[in-house]
There are 2 protein chains.
Amino acid sequence: MNRFKALETQARGYQVALEEMLPHIKFNEQGLVPAIAQQHDSKEVLMMAWMNREALDETLRTGRVCYWSRSRRGLWRKGESSGQIQQLKSLVLDCDGDTILMQVDQTGPACHTGRRSCFFYEVEGEVISINSEVLIDPGELYK
Amino acid sequence: MNRFKALETQARGYQVALEEMLPHIKFNEQGLVPAIAQQHDSKEVLMMAWMNREALDETLRTGRVCYWSRSRRGLWRKGESSGQIQQLKSLVLDCDGDTILMQVDQTGPACHTGRRSCFFYEVEGEVISINSEVLIDPGELYK
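Model, not experiment: these values are computed from the prediction.

A. Fine view of the relation of the copies chain A and chain B. Once chain A is rotated about the relating axis by 180° and shifted along it by 0.0 Å, it coincides with chain B to within an RMSD of 0.0 Å. A rotation of that kind, with that shift, is consistent with a two-fold axis. By C-alpha distance to the rotation axis, the residue of chain A lying nearest is K43 of chain A, at 2.9 Å. When the interface residues of chain A are mapped onto chain B, 98% of them are again interface residues, pointing to one common binding face.

B. Looking closely at the packing of aromatic side chains. Under the counting rule described, the total for this entry stands at 6 aromatic pairs over all chains. When the ring of Y67 of chain B is compared with that of W76 of chain B, the centres are 5.2 Å apart and the planes differ by 45°; the resulting orientation is tilted. Note on F120 of chain B and Y121 of chain B: the rings are 4.5 Å apart at their centroids and 40° apart in plane angle, and the pair reads as tilted. When sorted by exposure, F120 of chain B lands in the same class as Y121 of chain B, which is buried. Grouped by ring-pair contacts, the aromatic residues F4 of chain A together with F120 and Y121 of chain B constitute a single cluster. Above the plane of the ring of F120 of chain A lies R115 of chain A, whose end atom (NZ or CZ) is 4.0 Å from the centre.

C. Quick look at the sheet that holds strand 6 (residues 86-94) of chain A. The strand order 1(A)-9(B)-8(B)-6(A)-7(A)-2(A)-3(A) describes an open sheet built from 7 strands, whose pairing is mixed. In this open sheet, the two edge strands, each paired with only one partner strand, are strand 1 (15-17) and strand 3 (45-51) of chain A. Strand-to-strand, the axes of this sheet are offset by a mean angle of 30°, without reference to chain direction. Relative to strand 9 (residues 127-130) of chain B, strand 1 of chain A runs antiparallel, the two sharing 3 bridges. Looking at the pairing, V16 of chain A lines up with I128 of chain B of strand 9 of chain B. Contacting strand 3, strand 6 and strand 7 (100-106) of chain A together with strand 8 (119-124) of chain B, helix 3 (residues 53-62) of chain A runs over the sheet at an angle of about 125° to strand 6 of chain A.

D. Examining the interface of chain A and chain B more closely. With 55 residues of chain A in contact, the opposing surface of chain B contributes 55 residues. Both faces considered, chain A and chain B share a buried interface measuring about 4,600 Å² in area, 62% of it formed by carbon and sulfur atoms. A per-residue breakdown of the area chain A buries against chain B is headed by F119, Y121 and I128 of chain A, which together make up 16% of the total. When the shortest N-O distance is used, the salt bridge between E133 of chain B and R12 of chain A registers 2.9 Å. Our count for the contact surface shared by chain A and chain B stands at 34 residue pairs in polar contact (both at pLDDT 80 or more). If one sorts the elements of the side of chain A that touches chain B by residue count, strand 8 (residues 119-124) of chain A sits on top with 6 residues. Considered class by class, the residues forming the side of chain A that touches chain B number 29 nonpolar, 12 polar and 14 charged.

E. View of the pattern of salt bridges. Residue and element names in this part refer to chain A. Counted by the stated rule, this structure contains 16 salt bridges over all chains. Notably, a salt bridge pairs D96 with K5, separated by 3.5 Å at the nearest N-O pair. With a gap of 91 residues between them, D96 in the loop between strand 6 and strand 7 and K5 in helix 1 (residues 3-7) connect regions that are remote in the sequence. The exposure class assigned to D96 is partly exposed, which follows from its relative accessible area of 21%. Judged by relative accessible area, K5 falls into the partly exposed class, the value being 29%. Salt-bridge contacts for E58 lead to R77; the nearest nitrogen and oxygen are separated by 2.5 Å. Separated by 19 residues along the polypeptide, E58 in helix 3 and R77 in strand 5 (residues 74-77) bring together distant segments of the chain. Here E58 falls in the buried class, since its relative accessible area comes to 11%. Under the relative-accessibility criterion, R77 is labelled partly exposed at 33%. Because the salt bridges share partners, they merge into one network encompassing K5, E8 and D96.

Conventions we followed
- Residues numbered from 1 in each chain as written.
- Chains lettered and ligands numbered in written order.
- Predicted model: local features only at pLDDT ≥ 70, side-chain atom pairs only at ≥ 80, totals over all residues.
- Heavy atoms only, no water.
- Least-squares fit on C-alpha atoms with pLDDT ≥ 70 in both.
- Contact = heavy atoms within 4.5 Å.
- Phe/Tyr/Trp six-rings, centres within 6.5 Å; stacked < 30°, edge-to-face > 60°.
- Buried < 20%, exposed > 50% of the residue type's maximum accessible area, 1.4 Å probe, protein only.
- Lys NZ or Arg CZ within 6 Å of the ring centre and 35° of its normal.
- Pairing = 2+ DSSP bridges.
- Helix = DSSP H or I, 4+ residues; strand = E, 2+ residues; numbered from the N terminus.
- Axes fitted to C-alpha atoms, helices over the stretch in contact; angles between N-to-C directions.
- Buried area = accessible area lost by both parts, 1.4 Å probe.
- Salt bridge = Lys/Arg side-chain N within 4 Å of Asp/Glu carboxyl O.
- Polar contact = N/O pair within 3.5 Å; in protein donor to acceptor, adjacent residues only side chain to side chain.
- Nonpolar A, V, L, I, M, F, W, Y, C, P; charged D, E, K, R; others polar.

In structure tokens, the structure reads:
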């Protein structure tokens, strides 16, 4: 039985060693889990990206969020080129141990378009509207 | 070029027909996209699950959230067995057109464990702690 599922009936406050659970995180066939970043105070969902075991370890060790870039096939220390970093505030796994939710403190825009959040194509009836503005020109962010 | 990326430099308020964009959503090799559900008022992230094109269409058409269950290989009308449904408040796609964020109104617990949110295994230093309590016994939810 999945180790996370085996613990799900435990009460609030139940504790288990992190080291014991890490091998049971359900990385997919590419060795990745989705990781959602939420701004800790405003609660805005900023982005979703992917982590492999190494990115997760680095994130927990350094307190600075590190993803796995599927396009660049390498560790992606968020903000390494743009300066728009994510400080980790907390990290929570879901009931199945296959998705991560992080509370972060995001410097400036999380999105490569210069918008605060990557979620800006809003469905409104029969149209999609862009619902937020560019805070910093991407040309400035990645120059 | 990805159709979503092609529009990313447009200003806030820019509109495009939904029908035009739907075929450009980047479903993965299994035909799925991750969909995050956030409680619209408290902003708590409740869960992440998957949608295929059909589940997305149904969600938009009915205003009640429908996922694709990977384990049951079928449409999963959230709450169909537990009664804990999700009313859709808004649906937003991300910059790459490969992830969905929904604001929902969740009846009772979103999690099959009877907890409000599926994210309850919180990393705290060297341990993982269960950070929330069971609201309704799962035996009651799925009887």
